[in-house]
Amino acid sequence: MKKAVTLTRRRLLASAACALPLELASAQTEWRPLFDGKTLDGWRAIHRLPVSRNPGGPSPAKDSPRYQKALRSRGDWRVVDGAITGGQEPPGSGVGGYLITDEKFDDFELSLEANPDWGVDTGIMIRATGLGSQGFQVLVDHREGGNIGSFYGNGIGGFNTRQFGFNAIKDTAGKVVAMTPVAYRDLNPPADPGKSEATWSAGPEAFFETWRFADWNEIRVRCEGRLPTLTSWINGEKMASADTATMKASGYDAEAVATLLGRAGHIALEVHNSGQGDRLGAERWLPGSVCRWRRIRVRQL
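To keep things clear, this report deals only with the structure shown in the data block. Sequence order sets the numbering: in each chain, residues are counted from 1 along the sequence as written. With pLDDT at 70 or above as the cut-off, local features in this predicted model cover only qualifying residues; side-chain atom pairs require 80 or more to be listed or tallied, and sums for whole chains, interfaces and linings still use all residues. Derived side-chain values reflect all non-hydrogen atoms in the structure, with water molecules and hydrogen atoms excluded from consideration.

**Focus on the overall build of the protein chain**
As a reminder of what qualifies: Each helix is a run of DSSP H or I of at least 4 residues and each strand a run of E of at least 2, with the numbering of both proceeding from the N terminus. The size measure is the radius of gyration over C-alpha atoms, and the globule rule it meets is 2.2 Å times the number of residues to the 0.38 power. Relative accessibility decides the category of a residue: with a 1.4 Å probe and only protein chains considered, values under 20% of the type maximum give buried, values over 50% give exposed, and everything between is partly exposed. Whether two residues are in contact is decided by their heavy atoms: any pair within 4.5 Å suffices.
The helix and strand tally for the protein chain stands at five helices and 17 strands. Scaling as 2.2 N^0.38, a compact globule of 301 residues should have a C-alpha radius of gyration of about 19 Å, and the protein chain matches this with 18 Å. The principal-axis extents of the C-alpha atoms in the protein chain amount to approximately 55 × 50 × 45 Å. Here the protein chain holds 301 residues, and the buried ones make up 53% of them. Taking the intrachain contacts of the protein chain between residues at least 6 apart in sequence as the baseline, contacts between residues at least 24 apart amount to 68%.

Structure (structure tokens):
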């Protein structure tokens, strides 16, 4: 009974925290779908091209092995049973891609449901440039040492707001059946460098109370401001927030990021590279694994 009471209280607090004054709520537009459940209309698949870690920095040469590898595929994006599935093409190739919206968005809330296989490193790009790989990423790293709901700076300083992670629990046959929390300092493989300050996380207890393994989970993201404040919820639970105007991280320059990304950007879904040349190797995206996405909708703020 105590756990149920604690969870209910946390949900009430989270709901109160994200409640808006009546005059602001009335100014919001209605939710509208970004995915019709049948086609990829309004989206396009693009290469996952390597970019500079920081705005204005040198990008990998177009004749480099890393760049040439990215040109082999745009990922495997298709609609299956009313959901978008994203995987590597061909499976196990180690080459990822993005599925990016044709439309751009400035201040908005995004809601979608995700059901990732174990062993995928995916995410939701927001305020992204047309390359897809420059923007704020909401992590959906459903793998060893992963995290879901925190933020990462793709091509905008490489900042990392995660404050905990998880590893796999396997049955006697070696099948992954659940996850267990791991402190940030004990993550194996370790988290990306660039740990940021002045960010907030609900912590592992809240995440594990709400995340449903091997099932559908709603992820909601709010992005608001020229130097945006980012907030994420999972199944209604507030998970993480970051004020990118005041956030501190090595190599992060908020004004340079705003200049690069502009006031509005694309939304994109990711399939990460893996294998040789990747920091996490084959564990980044296991052969044949996919992430499924459905009920994708947005509203302007």
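**Observations regarding empty space enclosed by the protein**
Note the threshold: Definitions used for this entry: grid spacing 1 Å over protein atoms alone; cavity, a set of points where a 1.4 Å probe fits but cannot get out; pocket, an open set with protein on both sides within 12 Å along at least 5 of 7 lines; lining residue, one with an atom within 4 Å of a point. Grid points are joined across faces, edges and corners, and a volume is the space filled by probe spheres set on the points. Note on residue categories: nonpolar means Ala, Val, Leu, Ile, Met, Phe, Trp, Tyr, Cys or Pro, charged means Asp, Glu, Lys or Arg, and polar means any other residue, Gly included.
Evaluated as defined, the whole model comprises one cavity of 30 Å³ or more. The computed volume of the largest cavity comes to approximately 50 Å³. Lining the largest cavity are R127, F136, R226, L227, P228, T244, Y252, A254, V257, A258, L261 and G262. A total of four residues in the lining of the largest cavity trace back to one element, the largest contributor, which is helix α5 (residues 254-261). Residues that form the lining of the largest cavity fall into these classes: eight nonpolar, two polar and two charged.

**Quick look at the nonpolar core**
To be explicit about the condition: Side-chain atoms within 4.5 Å link the members of a nonpolar core, which is a set of buried Ala, Val, Leu, Ile, Met, Phe, Trp, Tyr and Cys residues.
Counting residues in hydrophobic clusters, the biggest one holds 54 residues, and the most contacted among them are I124, I126, F207, W293 and I296. If you look at the next biggest cluster of nonpolar residues, it comprises six residues, including I46, I100, M125 and A128.

**Describing the environment of A198**
Inspection of the secondary structure assignment puts A198 in the loop between β11 (176-183) and β12 (199-201). Along the primary structure A198 and T244 are separated by 46 residues, whereas in three dimensions their C-alpha atoms are 8.9 Å apart.

**Structural notes on α5**
Our working rule: This arc is built from the directions going out from the helix axis to the C-beta atoms. Contacts described as polar in this section are N or O atom pairs within 3.5 Å, which, within protein, must combine one atom able to donate a hydrogen with one able to accept it, while residues neighboring in sequence count only if both atoms come from side chains.
Among the residues of α5, those classed as buried are A254, V257, A258 and L261. What you see down the axis of α5 is that its buried residues fit within an arc of 100°, all on one side. The inward-facing, buried residues of α5 contact β7 (120-128) and β8 (135-142). Measuring from the backbone nitrogen of E255 back to the side-chain oxygen at the start of α5 gives 3.1 Å, which picks out D253 as the cap.

**Comments concerning the pattern of salt bridges**
To keep it simple, the criterion reads: What makes a salt bridge here is a side-chain nitrogen of Lys or Arg within 4 Å of a carboxyl oxygen of Asp or Glu, nothing more.
On inspection of all chains with the given rule, the structure shows 21 salt bridges. R220 is paired through a salt bridge with E109; the nearest N and O atoms lie 3.2 Å apart. You can see R220 sitting in strand β13 (residues 217-224) and its partner E109 sitting in strand β6 (residues 108-116), a full 111 residues away along the chain. Residue R220 shares its accessibility class with E109, and that shared class is buried. Between D192 and R279 there is a salt bridge, with the nearest N and O atoms lying 3.3 Å from each other. With D192 in the loop between β11 and β12 and R279 in the loop between β16 (266-271) and β17 (291-300), this residue pair connects regions lying 87 residues apart in the sequence. Looking at D192, the relative accessible area reads 13%, which means it is buried. Residue class for R279 comes out partly exposed when judged on its relative accessible area of 42%.

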